[in-house]
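# Secondary and tertiary structure notes
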Amino acid sequence: MDNPPQWSLLGALTCYQPWASAIVLGLKDVENRGWPFPHDTPACVAVHASLEVADDTSVRELWPAQAHPRPAREAQLAWPRGSFLGTVVITGSHPAVDCRAPYCSPWANPHFGHHWTLTDPQQLPLPLPATGRLRIWQPDPLHRAVLETVCLKGQD
Ligand SMILES: [Zn+2]
């Protein structure tokens, strides 16, 4: 019998662009949310890009210029939206008020909610169109099967 996987796909998380792309590209290693991650960690989740785009101010403040050229507005049109982009493993979650300078990541917002720490991003070869939802949500079975494979690939 094959070794059981360490973890399987927990569900999906919808993010604005450019954060969704920055996560699956391995640039963004913290997700700032208003709520603590509500499951045991580590947990593999599918990264889904919403139809909406983050406002310019937060993009300017949080996109580390040293890691990647700041995304131009024109480039936003090329960011896949309304699609699954890949998976990432959530390793933990802590309140921003418990995070001290220099903070857990350049991507962490020290004034907001909770920092979900991320590792092992996996990108799908092509975006997989789907409608996003709030909180941690369950992809339909067909999408789930594809995303589960991507998630397991990161555990080789
Ligand atoms: Zn932090």
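Anything mentioned here points back to the structure above.
The rules behind these values
One numbering rule holds for all chains: residues counted from 1, following each sequence as written. Only residues with pLDDT of at least 70 get local features here, since the model is predicted, and only at 80 or more are side-chain atom pairs given and counted; chain-wide, interface and lining totals rely on the full set of residues. What counts as a helix is a DSSP run of H or I of at least four residues, what counts as a strand is a run of E of at least two, and both are numbered from the N terminus. We call a residue exposed when 12 or fewer other C-beta atoms sit within 10 Å of its C-beta, buried when the count reaches 20 or more, and partly exposed for counts in between; the C-beta positions come from the backbone. The contact criterion used here is simple: two residues whose C-beta atoms, placed from the backbone, lie within 7 Å are in contact. Structurally, a nonpolar core is described as a collection of buried Ala, Val, Leu, Ile, Met, Phe, Trp, Tyr and Cys residues joined by way of C-beta atoms within 7 Å. Two strands are counted as paired when DSSP detects at least two bridges linking them. A helix is expected to span 1.5 Å multiplied by its residue count minus one. To be clear, the arc concerns the directions from the helix axis to the C-beta atoms.

### As for the overall build of the protein
On a plain count of helices and strands, the protein comes out with four helices and six strands. Secondary structure elements of the protein occur, N-terminal to C-terminal, as β-α-β-β-α-α-β-β-β-α. With 156 residues in all, the protein has 34% of them scored as buried. Residue pairs in contact within the protein that sit at least 24 positions apart in sequence constitute 86% of those at least 6 positions apart.

### A short note on the nonpolar core
If you look at the biggest cluster of nonpolar residues, it comprises 30 residues, and the most contacted ones within it are Ala 20, Ile 23, Val 45, Val 47, Val 88 and Ile 90. For this core, the secondary structure elements donating two or more residues are strand S1 (9-17), helix H1 (19-24), strand S3 (43-53), strand S4 (83-95), strand S5 (114-129) and helix H4 (141-153). Sorting elements by how many residues they give to this core places S3 first, with six residues. Beyond its immediate sequence surroundings of up to four residues, Val 45 is in contact with Leu 10, Gly 11, Ala 12, Leu 13, Thr 87, Val 88, Ile 90 and Ile 136.

### Remarks on the sheet that holds S1
If you walk across this open sheet you meet the six strands as S2-S5-S4-S3-S1-S6, and the pairing is mixed. At either margin of the open sheet sits one strand with a lone partner, and together these are strand S2 (30-33) and strand S6 (136-137). As paired strands, S1 and S6 are joined by two bridges and run antiparallel to one another. For Leu 13, the partnering residue across the bridge sits in S6 and is Ile 136.

### As for unusual backbone geometry
In most cases, non-glycine residues show a negative phi, while peptide bonds are predominantly trans. Between Gln 17 and Pro 18 the backbone carries a cis peptide bond, its omega angle lying at 5°. As for its position among the elements, Pro 18 is in the loop between S1 and H1. In the segment running from Ala 101 into Pro 102, the intervening peptide bond is cis, with an omega of 10°. Summarising the element assignment, Pro 102 is placed in the loop between S4 and S5. The backbone phi angle of Tyr 103 is positive, close to 70°, even though this residue is not glycine. Mapped onto the elements of the fold, Tyr 103 is located in the loop between S4 and S5. In this structure Tyr 103 comes out as partly exposed when scored by C-beta crowding, with 14 C-beta atoms within 10 Å. In this structure, Arg 135 takes a positive phi of about 55° despite not being glycine.

### Here's the deal with the pairing of S1
Where a strand is regular, its side chains alternate between the two sheet faces. With seven of its nine residues buried, S1 lies for the most part within the structure. Judged from the seven bridges that link them, S1 and S3 form a sheet pairing that is parallel. Along S3, the bridge assignment pairs Gln 17 with Val 53.

### A look at H4
In a regular helix each residue adds 1.5 Å, so 13 residues correspond to 18 Å; H4 covers 18 Å between its end C-alpha atoms and thus fits that length. Buried within H4 are the following residues: Leu 147, Val 150 and Cys 151. Viewed end-on, H4 has its buried residues packed into an arc of 100°, placing them on one side of the element. Exposed positions of H4 whose direction lies more than 90 degrees from the buried face are Pro 141, Leu 142, Ala 145 and Lys 153. Where the residues of H4 are buried, they touch S1, S3, S4 and S5.

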